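Listed below are the residues making up each chain.
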Amino acid sequence: MRTESTFLPLAEIETELLAVLAADSQTAKGADAKPAPVLLTGDDAVKAAATAVLASGEYKAGVNETVLLHSPAGLKAKRLLMVGMGKLAKVQAQGVRNAAGTAVRYTKPRGIKELALALPEADGLDAAPAARAAAEGAMVGDFDADTYKSDRKDVRIERFRLVAPETADKTSIEAAFKEGVIVGESQNFARSLVNEPGNKLTPTILGQRAAEMAQAVGLGWDVYSTEKLHELKMGAFWAVSQGSAEPPALIVLRYEPEGVMDGPILGLVGKGITFDTGGISIKPSDNMEKMKYDMAGGAAMMGAMRAIALLKPKVRVIAVVCAAENMPDGKAFKPGDVYTAMSGKSIEIINTDAEGRLVLADGINYAKQLGATHLIDAATLTGAIGVALGLVNAGAFSNDDETYAKFEEALKISGEKFWRMPLGDEYADQIKSDIGDIKNTGGRHGGACTAAEFLHVFAEDSPWIHLDIAGLAWIDDARPYIAKGPSGIAVRSIVEWVRSY
Ligand code: BES
Ligand code: MN
Ligand code: ZN
């Protein structure tokens, strides 16, 4: 998708489809309160073209509600699409993101290859964040997961333009739009990795993808395998890896901006289980195919690093992705086994399906050894997080309020939903082992919290955030603005968190 921002009167835009956002300006409640849809533009020509349909009562400008006009009077555009954002008073950048995605997803299946979106104007909506959100939403909307269909229709949008008024602040809008394109593309990069099935994306191949991406955007990188795991005494990571014929990959990406010699080093650690059968504690076969997305945390870190390399914040960042396949095999690890992690802590294996925390234990430790002062990890770690928070919020845990406050600020910009969950000694007690230091499961209750406490043992006192994205990394039902399939969650928030340093 080619993207650009232009500054022209909307009536002058020659395009297959001009999308304009709309909202419901009705504030009264009760039976008489009829919806009062208004267009979020000051452009008189577009308003005139839409007068009849807005007055008809057929269109209410509800969230992501669309209506299409052909040959709109007085406009050079062939079609005028209105995309609703719901109540006017509630219009925010996140709504713009989704509306832009809705416009793209409306356009795509209809064989229309090009569209222009009017930058929405509303009280309390700043132009630059709206431009950025529009770019992100458009990129995210353009992604579909049907990669391996032999009759895959090439319905990709070729050109997306954002149109802002001539009087707007061109420099800030253009810069924000370009940032949005980078972040949206990086989110899609993560999604494309998550979408790949286990046979097409082994740990080795994930390592190759990381190296290709790093070379393309100018990141430092290393991809190691079995030997390095042994050299570093990564007993926890190896425990999971050893049951697969596919060797593990320890992926390291480095962003080292010129002239930044001191200050924090941010460590991004991702779970990269390219397929999770559960191992000897094997999962039931229903839905097991979904476990190809068990590397979504690792993919999120790769996507975030791509965006970071292109956005160039003034802070050093290291990413560590621990990629392995969790398989049952003659050489696989077993319940009851004891392994010693890189940090020296001994771990009793209770359930081989609790493998994510094992690879992350060594990944977190290694990130610290590489100099990371602040840590963030992302993982499809527990089914329990979905039980706790539904498929609405992803889980976030932190041992440091100041570090977490920065993440909360990042969420306001990213529009992603994370809910802070508790850590605590009582949860830590649940994972004490009789034979060794800790065990890899903590029983039925508070599964997401005991998993987080397991990771805490390896993060120790370093400021650290853990993101459990198991419930949100895969979207089961398509929405108007995003396809069914990998969501790319966490990429945007991690990028923003990094940029806050
Ligand atoms: N990869 C799974 C978690 C998961 C579940 C991700 C559903 C996405 C959707 C993880 O490795 C796992 O199997 N966790 C176990 C832990 C348990 C054995 C303590 C779980 O959640 O059941
Ligand atoms: Mn598992
Ligand atoms: Zn897993």
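Provided above is the structure to which this section pertains.
Residues numbered from 1 in each chain as written. Chains lettered and ligands numbered in written order. Predicted model: local features only at pLDDT ≥ 70, side-chain atom pairs only at ≥ 80, totals over all residues. Heavy atoms only, no water.

Asks: Sorry if this is basic, but what is going on with the overall build of the chain here?
Replies: A count of helices and strands for the chain gives 14 helices and 20 strands. Whereas a compact globule of 501 residues would reach a radius of gyration of roughly 23 Å, the chain reaches 24 Å, a difference of no more than 12%. Its C-alpha atoms put the chain at 75 × 55 × 50 Å along the principal axes. Counting only residues that meet the buried cut, the chain has 58% of its 501 residues in that class. Relative to all contacts within the chain whose residues are 6 or more apart in sequence, the contacts with residues 24 or more apart total 76%. Total accessible area on the chain is roughly 20,200 Å²; 50% of this is exposed by carbon and sulfur atoms. Averaged over its 54 positive side-chain charges, the chain has a centre that lies 4 Å from the centre of its 65 negative ones. (Helix = DSSP H or I, 4+ residues; strand = E, 2+ residues; numbered from the N terminus. Rg over C-alpha atoms; globule rule 2.2 N^0.38 Å. Buried < 20%, exposed > 50% of the residue type's maximum accessible area, 1.4 Å probe, protein only. Contact = heavy atoms within 4.5 Å. Areas by Shrake-Rupley, 256 points an atom, 1.4 Å probe, with all protein chains shown as cover. Lys, Arg positive; Asp, Glu negative; His and termini not counted. Charge placed at Lys NZ, Arg CZ, Asp CG, Glu CD.)

Asks: How should the site of ligand 1 be read in this particular structure?
Replies: Close to ligand 1 lie 16 residues; Lys283, Asp294, Asp353, Glu355 and Gly383 are nearest. Take Asp353: an N or O atom from its side chain is 2.8 Å from an oxygen atom of ligand 1. Residues of the shell around ligand 1, tallied by class, amount to four nonpolar, five polar and seven charged. (Near = heavy atom within 4 Å. Polar contact = N/O pair within 3.5 Å; in protein donor to acceptor, adjacent residues only side chain to side chain. Nonpolar A, V, L, I, M, F, W, Y, C, P; charged D, E, K, R; others polar.)

Asks: Help me understand the coordination of the manganese ion (ligand 2) in this model?
Replies: Geometry reference: four tetrahedral donors at a metal, ideal angle 109.5 degrees. Six octahedral donors, ideal angles 90 or 180 degrees. Taken together, Asp276 (OD), Asp353 (O), Asp353 (OD) and Glu355 (OE) make up the full set of protein donors to the manganese ion (ligand 2), lying 2.0 to 2.2 Å away. Given six donor atoms and angles of 71 to 169 degrees at the metal, the environment of the manganese ion (ligand 2) is assigned as irregular. Between consecutive donors of the manganese ion (ligand 2), the numbers of intervening residues give the motif D-x76-D-x1-E. Between the manganese ion (ligand 2) and the zinc ion (ligand 3), a spacing of 3.1 Å is present, and a bridge between the two is formed by Asp276. On the criterion of sequence distance, the pair formed by Asp276 in strand 10 (residues 265-276) and Asp353 in the loop between strand 13 (346-348) and helix 9 (356-369) is long-range, its members being 77 residues apart. On the basis of relative accessibility, which here comes to 23%, the residue Asp353 falls in the partly exposed class. (Donors = N, O, S within 2.8 Å, 3.2 Å for Na, K, Ca; no water. Tetrahedral: all angles 85-135°; square planar, octahedral: opposite > 155°, others 65-115°.)

Asks: Sorry, what's going on with the sheet that holds strand 13 here?
Replies: Backbone-to-backbone hydrogen bonds join strands into a sheet, with any given pair of strands oriented parallel or antiparallel. Within the open sheet, the three strands sit side by side as 12-13-17. Their pairing is mixed. With partners counted over all chains shown, the strands left at the sheet margins are strand 12 (338-340) and strand 17 (438-439), one partner each. The sheet contact formed by strand 12 and strand 13 spans three bridges and is antiparallel. Each residue of the ladder has a partner; that of Thr340, found in strand 13, is Ser346. (Pairing = 2+ DSSP bridges.)

Asks: Would you explain the nonpolar core in this entry?
Replies: Where a protein is soluble and globular, its nonpolar side chains tend to be buried together. One finds Leu268, Phe407, Phe418, Leu467 and Ile494 to be the most contacted residues of the largest nonpolar core, which totals 59 residues. Here the element with the most residues in this core is helix 8 (residues 296-311); it accounts for eleven residues. Discounting chain neighbours no more than four positions away, the residues touching Leu268 are Met301, Ala304, Met305, Ile308, Val317, Ile318, Ala319, Val320, Ile376, Ile494, Trp497 and Val498. The next biggest cluster of nonpolar side chains, apart from the first, holds 41 residues, and it includes Phe237, Ala239, Leu250 and Leu360. (Core = buried A, V, L, I, M, F, W, Y, C linked by side-chain atoms within 4.5 Å.)

Asks: Before we go on, may I ask you to explain the layout of surface pockets in this structure?
Replies: Leftover empty space is mapped by rolling, across the atoms, a probe with the size of a water molecule. Here the second largest pocket defines a volume of roughly 290 Å³. In terms of lining, the second largest pocket is formed by 15 residues, of which the most central are Ala93, Arg97, Pro129, Lys412 and Ile413. Every element with two or more residues in the lining of the second largest pocket is listed here: helix 2 (93-107), helix 3 (127-141), helix 4 (170-195) and helix 11 (401-414). Per element, the largest residue contribution to the lining of the second largest pocket is five residues, and it comes from helix 3. The residue inventory of the lining of the second largest pocket, partitioned by class, reads seven nonpolar, three polar and five charged. (1 Å grid on protein atoms, 1.4 Å probe; cavity = no way out; pocket = protein on both sides within 12 Å on 5 of 7 lines; lining within 4 Å. Points joined across faces, edges and corners; volume = space filled by probe spheres on them.)

Asks: Got a minute to help me understand the coordination of the zinc ion (ligand 3) in this structure?
Replies: Looking at the zinc ion (ligand 3), one finds its protein donor set to be Lys271 (NZ), Asp276 (OD), Asp294 (OD) and Glu355 (OE), positioned 2.0 to 2.4 Å from the metal centre. Taken together, the six donor atoms surrounding the zinc ion (ligand 3) define angles of 78 to 174 degrees at the centre, an arrangement classified as octahedral. Site description for the zinc ion (ligand 3): donor spacing in sequence, K-x4-D-x17-D-x60-E.

Asks: What am I meant to see in unusual backbone geometry here?
Replies: Negative phi characterises most residues that are not glycine, and trans characterises most peptide bonds. Unlike most non-glycine residues, Ala61 shows phi in positive territory, near 60 degrees. Inspection of the secondary structure assignment puts Ala61 in the loop between helix 1 (44-56) and strand 4 (66-70). You will see that Asn287, though not glycine, has its phi angle at about 70 degrees, which is positive. Summarising the element assignment, Asn287 is placed in the loop between strand 10 and helix 8.

Asks: Mind showing me how you'd approach the packing of aromatic side chains here?
Replies: Here the distance between the centres and the angle between the planes together describe a pair of aromatic rings. Applying the stated criterion across every chain yields a total of seven aromatic pairs. Measuring from centroid to centroid gives 5.7 Å for Tyr293 and Trp474, while their planes differ by 20 degrees, and the two rings are stacked. You can see Tyr293 sitting in the loop between strand 10 and helix 8 and its partner Trp474 sitting in strand 19 (residues 474-475), a full 181 residues away along the chain. Relative accessible area serves as the criterion here: at 16%, Trp474 is assigned to the buried category. Ring plane angle 75 degrees and centroid distance 5.2 Å describe the contact between Trp497 and Tyr501, whose orientation is recorded as edge-to-face. For Trp497, a relative accessible area of 0% corresponds to the buried category. Given a relative accessible area of 23%, Tyr501 falls into the partly exposed group. One aromatic cluster is present, built from ring pairs that chain together Tyr404, Phe407 and Phe418. Lying over the aromatic face of Tyr501, Lys406 brings its terminal NZ or CZ to 4.4 Å of the ring centre. (Phe/Tyr/Trp six-rings, centres within 6.5 Å; stacked < 30°, edge-to-face > 60°. Lys NZ or Arg CZ within 6 Å of the ring centre and 35° of its normal.)

Asks: What should I look at first to understand the sheet that holds strand 10 in this one?
Replies: The strand order across the open sheet built from eight strands is 8-9-11-10-14-18-15-16, with neighbouring strands paired in mixed fashion. Edge strands, defined here as strands with exactly one partner in the open sheet, are strand 8 (220-224) and strand 16 (418-420). Adjacent strand axes in the sheet meet at a mean angle of 20 degrees, parallel and antiparallel pairs treated alike. By the bridge criterion, seven bridges tie strand 9 (residues 249-255) to strand 11 (residues 316-326) in an arrangement that is antiparallel. Its bridge partner being in strand 11, Leu253 is matched across the sheet by Ala319. Contacting strand 8, strand 9, strand 10 and strand 11, helix 5 (residues 203-217) runs over the sheet at an angle of about 15 degrees to strand 9. Packed on one face of the sheet, helix 9 meets strand 8, strand 9, strand 10, strand 11, strand 14 (374-379) and strand 18 (464-468) and runs near 155 degrees to strand 10. (Axes fitted to C-alpha atoms, helices over the stretch in contact; angles between N-to-C directions.)

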